[in-house]
Amino acid sequence: MKYVRFRDPAGAVRRGEYENGTVRFGTERYALEDDDIDVLPPSEPSKVVCIGKNYAAHAAEFDSEVPDRPMLFLKPPNALAAHGDTVSPPAGKDRIDYEAELGVVISEQCRHVSEADAMDVVEGFTCVNDLSNRDDQRQEQNWIRGKAFDGAAPMGPVLATPDEVPADASVRTRVNGEPKQDGSREQLIFSIPELIAEITTYLTLEPGDVIATGTPEGVGPLSDGDEIEIEIEGVGTLEHAVRIP
């Protein structure tokens, strides 16, 4: 199954089933791109736990070593943006990058989850763009300015249950229709169960929290007015634009 969180014409927040471009809630039917509804991020996370350098080729393109344990950093709720949004990164920056990522949406409050039980706390998957302000990221260790600015985590448009997403699902980016990234879930250095086990060793995950599992090689800079598509096999395509001051 696939689900979409949206605001209906009356302003109520709903969660509807999605199929073939149509969102169904009760007897109502809406097109995903219908101007009468606002598509929202697929969950309301208390945090987005992001994984750095979880693809060997991506680490290599930044002249970095493959980490011996998952590299973790956080994006707060203010970083969320939705399908169809136009994100405005901080002004005066030389390089804002796209990073396509498979997002894992957590179903329940959990701590100290074993790898064997990890998929039991996964509600589903979504598309995430880990927008990155490289100017400031290069100058700080905690990456607050570089990774946690408003709108730095577009995600959606749907939440797909785990059975919908193949183990080797493709992870792709297009900018203005031009292919930029083409990776696969099976290329992850640390698997989803490994990530959940590691993260919950240190902190509690809450229902709706998201793990952004890392990006394939091919990241690059964005320009004002660019249209970005993040496509994950079995999930769908997240589309958004950037307005760079």
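Just above sits the structure.
Bear in mind that the values here come from a model prediction, so they are computed numbers and not experimental data.

Peer 1: What exactly am I supposed to notice about the nonpolar core here?
Peer 2: In a soluble, globular protein the nonpolar side chains are often hidden away together inside. In this structure, Ile-106, Phe-125, Ile-196, Ile-211, Leu-222 and Val-235 are the most contacted members of the largest nonpolar core, which totals 51 residues. Shared between two domains, this core holds at least three residues of each, these being domain 1 (1–39) and domain 2 (41–242). Excluding residues within four positions of it along the chain, Ile-211 makes contact with Val-49, Ile-51, Leu-102, Gly-103, Val-104, Ile-106, Leu-195, Ile-196, Ile-199 and Leu-205. Counting 11 residues, the second-largest nonpolar core is a separate cluster that includes Cys-50, Phe-73, Met-155 and Val-210.

Peer 1: In this structure, what is going on with the packing of aromatic side chains? I would like to understand it.
Peer 2: The geometry of an aromatic ring pair is captured by the separation of the ring centres together with the interplanar angle, meaning the angle of the planes. Scanning all chains against the criterion turns up 2 aromatic pairs. Look at Phe-73 and Trp-143: their rings are 5.0 Å apart centre to centre, the planes differ by 70°, and that puts the pair in the edge-to-face class. On the criterion of sequence distance, the pair formed by Phe-73 in strand E7 (residues 71–75) and Trp-143 in the loop between helix H2 (134–137) and helix H3 (144–147) is long-range, its members being 70 residues apart. Residue Phe-73 is classed as buried on the basis of its relative accessible area, which comes to 9%. Across the ring face of Tyr-3, the terminal group of Arg-15 is positioned such that the distance to the ring centre comes to 4.1 Å.

Peer 1: Please explain the side chain of Arg-134 as it appears in this structure.
Peer 2: Inspection of the secondary structure puts Arg-134 in helix H2. On the basis of relative accessible area, Arg-134 is assigned to the buried category, the value being 4%. Each residue touching Arg-134, except ones within four places of it in the same chain, is listed here: Phe-62, Arg-95, Asp-97, Glu-99, Lys-147 and Val-219.

Peer 1: So what exactly am I meant to see when it comes to the pairing of strand E20 (residues 236–242) here?
Peer 2: Bridge analysis of strand E9 (residues 86–87) against E20 gives 2 bridges, and the strand direction is parallel. Looking at the pairing, Thr-86 lines up with Ala-241 of E20. In this sheet, E20 lies alongside strand E19 (residues 227–232) in antiparallel orientation, the contact comprising 6 bridges. The partner of Ile-232 across the bridge, within E20, is Gly-236. Taken together, E19 and the strand that follows it, E20, pair antiparallel across an intervening segment of 3 residues, in which Gly-234 is found at a positive phi of about 90°.

Peer 1: Explanation requested: the pattern of salt bridges in the structure shown.
Peer 2: Two side chains carrying opposite charge are able to pair once their charged atoms lie near each other. Going through the model one piece at a time under the given rule, you end up with 18 salt bridges. Between Glu-44 and Arg-5 there is a salt bridge; the shortest N-O distance is 3.7 Å. Of this pair, Glu-44 sits in the loop between strand E5 (38–39) and strand E6 (48–52) while Arg-5 sits in strand E1 (residues 2–7), placing them 39 residues apart in sequence. Relative accessible area serves as the criterion here: at 63%, Glu-44 is assigned to the exposed category. Of the residues examined, Arg-5 reaches a relative accessible area of 12% and is grouped as buried. Here Asp-8 makes a salt bridge to Arg-14, at a shortest N to O gap of 3.3 Å. Asp-8 gets classed as buried once you look at its relative accessible area, which sits at 11%. One continuous salt-bridge network, built from bridges that share partners, spans Lys-75, Arg-95, Asp-97, Glu-99, Asp-130, Arg-134 and Lys-147.

Peer 1: Honestly, the sheet that holds strand E18 (residues 220–221) in this entry has me stumped. Any pointers?
Peer 2: Pairing between the strands of a sheet is mediated by backbone hydrogen bonds and can be parallel or antiparallel. Judged by pairing direction, the sheet is antiparallel, and its 3 strands sit side by side in the order E13-E10-E18 without closing on themselves. In this open sheet, the two edge strands, each paired with only one partner strand, are strand E13 (132–133) and E18. Across 2 bridges, the pairing between strand E10 (residues 96–98) and E13 is antiparallel. In the sheet register, Ile-96 faces E13, and the bridge partner there is Asn-133.

Peer 1: In this structure, what is going on with the sheet that holds strand E16 (residues 178–184)? I would like to understand it.
Peer 2: Spatial ordering of the open sheet is given by E9-E20-E19-E15-E16, a layout of 5 strands whose pairing is mixed. In this open sheet, the two edge strands, each paired with only one partner strand, are E9 and E16. The pairing of strand E15 (residues 170–175) with E19 spans 5 bridges and is antiparallel. The partner of Arg-174 across the bridge, within E19, is Glu-229.

About the cut-offs
Residues numbered from 1 in each chain as written. Predicted model: local features only at pLDDT ≥ 70, side-chain atom pairs only at ≥ 80, totals over all residues. Heavy atoms only, no water. Core = buried A, V, L, I, M, F, W, Y, C linked by side-chain atoms within 4.5 Å. Buried < 20%, exposed > 50% of the residue type's maximum accessible area, 1.4 Å probe, protein only. Domains from an automatic or database assignment. Contact = heavy atoms within 4.5 Å. Phe/Tyr/Trp six-rings, centres within 6.5 Å; stacked < 30°, edge-to-face > 60°. Helix = DSSP H or I, 4+ residues; strand = E, 2+ residues; numbered from the N terminus. Lys NZ or Arg CZ within 6 Å of the ring centre and 35° of its normal. Pairing = 2+ DSSP bridges. Salt bridge = Lys/Arg side-chain N within 4 Å of Asp/Glu carboxyl O.

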